[in-house]
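Observations on chain architecture
Here is how the chains run, residue by residue.
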Amino acid sequence: MQCFLKILILILLNVNIMYSLNNIKGKDLFEPLDNQKILNINLNYLTPDEIIKELSVILSKNSKIFSNKNNNKLLIKDDIDKLNEYKEIIKALDIPKVQFLISVKIIKSNISFKNQLGIKLNSSFIISAAYNIVKVSNTDLLNIEIDALEEEGLVETISNPKIITTNLKSGTISQGQEIPYNETHVHGSQTVNFKKAELSLVVTPKLLERNKISLNLNITNDSPDLSHVNSHGVPLIDTQQMQTELMVNNNETLVIGGIFNKQNNNIKNNVPFVAKLPIIGKLFTHQETINSKSEILVLINTNIISG
């Protein structure tokens, strides 16, 4: 009988709390309800969980927080002085998030980095010649030069993706392929597997004063070395990696070079029919390996689009 009474009391208490919350009406945004010491908050940009996390360090022992994630609403019960403090803090926090449009262009070139774009000193500033990093303020001129080089067949645009991310949130872009290979197992059987070889970029923007942007960059270039495989037939992957943090102005473009791809192509030429003859057939067969080297350029343009 006692257990039944306890359960009944708990049910009545829960019903009473829900009834009280559903009947909290109407006050203006962030206006405390004096008679009940409750702050009724409709959030515009942040979620209740984000606000609760920020307030957790200053909440008093008497505070009670109720959240409605469906309506993005918070109800905070506390002393009037504390409620006014929470109100000011939430007003400062519940603002639009800064968003960035990050445009990336990945270019393949067979000519040296210094010559491929023809960038003039009056339109760009060289950050580090040792690491082949150039900051270009005149993005329109840069695009014109790239288009001209493409028409001449000197460079090729491999990919031109765009992503939108928020302040201090990472965005990832990757471009590559899966390399098929025959893997030999212990018992001699073979299966066809695939191994990724891609160029990936992880960029994390951070808004600074006066529309300056700090970019944390992590660039990895994995390329297959098909001339070297392990005992199971799995090709080795050559990895190049660069991690850096640079500061740019809004709508400036970073040009990052020094990423190289090597290819070994085996070319075999022979005279039809004659090359298949025993002994003398080799005299009519020519085989050579052509080694080619290309440079990959990564162009990163960052533009503030809201906030």
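Residues numbered from 1 in each chain as written. Predicted model: local features only at pLDDT ≥ 70, side-chain atom pairs only at ≥ 80, totals over all residues. Heavy atoms only, no water.

**Observations regarding the overall build of the protein chain**
- Summing up its helical and strand segments, the protein chain has 5 helices and 15 strands in all.
- Taken over 307 residues, the protein chain has a buried fraction of 32%.
- Counting only contacts in the protein chain whose residues sit at least 6 apart along the sequence, the fraction spanning at least 24 positions is 65%.
- When the accessible area of the protein chain is evaluated, it comes to approximately 19,700 Å², of which 52% is carbon and sulfur surface. (Helix = DSSP H or I, 4+ residues; strand = E, 2+ residues; numbered from the N terminus. Buried < 20%, exposed > 50% of the residue type's maximum accessible area, 1.4 Å probe, protein only. Contact = heavy atoms within 4.5 Å. Areas by Shrake-Rupley, 256 points an atom, 1.4 Å probe, with all protein chains shown as cover.)

**A look at the confidence of the model for the protein chain**
- Per-residue pLDDT for the protein chain has a mean of 77; in total, 68% of the residues score no lower than 70.
- In the predicted structure, residues 12-33 sits below a pLDDT of 50 and forms 27 contacts with residues beyond four places in sequence or in another chain.
- A low-confidence stretch, residues 119-123 (pLDDT under 50), is modelled with 10 contacts involving residues beyond four sequence positions or located in other chains. (pLDDT = per-residue confidence, 0-100.)

**Considerations on the pattern of salt bridges**
- As enumerated under the stated definition, the model contains 4 salt bridges in all.
- Note that Glu 50 is salt-bridged to Lys 97, the shortest N-O span being 3.5 Å. Of this pair, Glu 50 sits in helix H2 (residues 48-55) while Lys 97 sits in the loop between helix H3 (80-93) and strand E5 (99-109), and the two are 47 residues apart along the sequence.
- Note that Lys 135 and Glu 252 form a salt bridge whose closest N and O atoms lie 3.9 Å from each other. With Lys 135 in strand E7 (residues 133-136) and Glu 252 in the loop between strand E13 (235-249) and strand E14 (253-270), the pair connects residues that are 117 residues apart, well separated along the chain.
- For Glu 252, a relative accessible area of 9% gives the class buried. (Salt bridge = Lys/Arg side-chain N within 4 Å of Asp/Glu carboxyl O.)

**Thoughts on a negative patch on the surface**
- On the surface, Asp 147, Glu 150, Glu 151, Glu 152 and Glu 156 cluster together into a negatively charged patch.
- With 3 residues, the top contributor of residues to the negative patch is helix H5 (residues 139-151).
- Tracing the backbone shows Glu 151 in helix H5. (Patch = residues over 30% accessible without salt bridge, like charges linked within 9 Å, V, L, I, M, F, W, Y side chains within 5 Å. Lys, Arg positive; Asp, Glu negative; His and termini not counted. Charge placed at Lys NZ, Arg CZ, Asp CG, Glu CD.)

**Topic: the packing of H2 against H3**
- Where H2 meets H3, the closest approach of the two axes is 11 Å, and the angle between their N-to-C directions is 125 degrees. For the element pair H2 / H3, the angle class is oblique. In this structure, H2 crosses over H3, and the sense of that crossing is right-handed. Across the interface between the two elements, Ile 51, Glu 54 and Leu 55 of H2 pack against Tyr 86, Ile 89, Ile 90 and Leu 93 of H3.
- Residue composition of the contact of H2 with H3, by class: 6 nonpolar, no polar and 1 charged. (Axes fitted to C-alpha atoms, helices over the stretch in contact; angles between N-to-C directions. Parallel < 35°, antiparallel > 145°, perpendicular 65-115°, else oblique. Left-handed = near helix turned anticlockwise from the far one by under 90°. Nonpolar A, V, L, I, M, F, W, Y, C, P; charged D, E, K, R; others polar.)

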